[in-house]
Amino acid sequence: YWTNGNVYRGDFKNGMRHGKGELAYYNGSKYNGDWKNGFMDGKGEYTWSNGNKHIGEFKKGFREGKATFLWANGNKYVGGFKKDLMDGFGEYTSTKGESYKGQYKDDMKEGKGTYKWANGDQYVGEWKQNKQDGKGTYTWKDGGKYVGEWKNHKMHGKGVEYDPKGKVINKGLWDNGKFVGQGV
């Protein structure tokens, strides 16, 4: 028992939490799993007082390595973590039918990935700080698509827009989501 209200039940070594144990925090959160030299380290489950849950690997007190993160609302992430942030390859699914499968860095979509919206639209391509940025293909549910460059979530640079039958609608330069002409 700690004076702040935290309660630990488990193994100790040299006066530190070490081995298997559960720590119930004064705020309602809790951790149950492996400990090493006083830190959450190894496999474990951390549950926040709001119902969010992390099941997976920990290193020196941080969420680190492969894990499953479950939000209280039912959304789910399965993938890598680094220093408490989503990092590396991961798969996110929402209860609203949306999903992302691809690279993460610092808790954001970063690198190559595929996002599917509940309405049937899909983007396959590059991401930068959670935004479509770089080369990618956006396909609308009706089969129409845009293939080309993106910046800050918008068609930007060279690209081609196709109708659902594959006929070219616009080919050339795009600026901030708008077709501006054929360009060079």
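Just above sits the structure.
Computed from a predicted model, the values in this text were never measured in an experiment.

1. Focus on the pairing of strand E13 (residues 145–151)
For step 1, the next point in the chain: Pairing between strand E12 (residues 131–139) and E13: six bridges, direction antiparallel. Bridge pairing in E13 links Lys-135 to Glu-149.
For step 2, the next point in the chain: Connecting the antiparallel pair E12 and E13 is a turn made up of five residues, with Gly-143 showing a positive phi of about 100°.
For step 3, the next point in the chain: In this structure, E13 lies alongside strand E14 (residues 154–162), joined through six bridges in antiparallel fashion. Bridge pairing in E14 links Val-147 to Val-160.
For step 4, the next point in the chain: Between the antiparallel neighbours E13 and E14 lie two residues, among them Asn-152 with a positive phi of about 55°.

2. Quick look at the nonpolar core
For step 1, the next point in the chain: Counting 16 residues, the largest nonpolar core has Tyr-77, Phe-81, Tyr-100, Tyr-104 and Trp-150 as the members making the most contacts within it.
For step 2, the next point in the chain: Broken down by secondary-structure element, the contributors of at least two residues to this core are strand E6 (62–70), strand E7 (76–82), strand E8 (85–93), strand E9 (99–105), strand E11 (122–128) and E13.
For step 3, the next point in the chain: Apart from the residues within four sequence positions on either side, Tyr-100 is in contact with Gly-90, Glu-91, Tyr-92, Lys-109, Glu-110, Lys-112, Gly-113, Thr-114, Tyr-115 and Trp-127.

3. Some thoughts on the pairing of strand E3 (residues 30–36)
For step 1, the next point in the chain: With six bridges connecting them, strand E2 (residues 16–24) and E3 associate as antiparallel partners. The partner of Gly-21 across the bridge, within E3, is Gly-33.
For step 2, the next point in the chain: Counting the residues in the hairpin turn of E2 and E3 gives five residues, including Gly-28, whose phi is positive at 100°.
For step 3, the next point in the chain: Of the strand pairs in this sheet, E3 and strand E4 (residues 39–47) are connected by six bridges, and their pairing is antiparallel. Residue pairing in the sheet places Asn-32 in a bridge with Glu-45 of E4.
For step 4, the next point in the chain: The hairpin formed by E3 and E4 contains two residues between the paired strands, and Asn-37 there has a positive phi angle of roughly 50°.

4. Topic: unusual backbone geometry
Most peptide bonds adopt trans geometry, and most residues besides glycine take a negative phi value.
For step 1, the next point in the chain: Unlike most non-glycine residues, Lys-60 shows phi in positive territory, near 50°.
For step 2, the next point in the chain: Within the secondary structure layout, Lys-60 lies in the loop between strand E5 (53–59) and E6.
For step 3, the next point in the chain: Looking at Lys-60, the relative accessible area reads 56%, which means it is exposed.
For step 4, the next point in the chain: Unusually for a residue other than glycine, Asn-152 sits at a positive phi of about 55°.
For step 5, the next point in the chain: Residue placement: Asn-152 occurs in the loop between E13 and E14.

Definitions and cut-offs
Each chain has its residues counted from 1, following the order in which its sequence is written. This being a predicted model, a pLDDT of at least 70 is required before a residue's local features are given, and a value of 80 or more before pairs of side-chain atoms are given or counted; all residues contribute to the totals for chains, interfaces and linings. Water and hydrogen atoms play no part in the side-chain values, which are based on all heavy atoms of the structure. A strand pair is defined by DSSP finding two or more bridges across the two strands. Numbering goes from the N terminus for both helices and strands, where a helix is a DSSP run of H or I of at least four residues and a strand is a run of E of at least two. Residue types Ala, Val, Leu, Ile, Met, Phe, Trp, Tyr and Cys, when buried and joined through side-chain atoms within 4.5 Å, form a set referred to as a nonpolar core. Burial classification: accessible surface area is computed with a 1.4 Å probe over protein chains only, and a residue below 20% of its type maximum counts as buried, one above 50% as exposed, and the rest as partly exposed. Pairs of residues are marked as contacts when any of their non-hydrogen atoms sit within 4.5 Å.

Interpretation in functional terms is not warranted from these geometric data alone.
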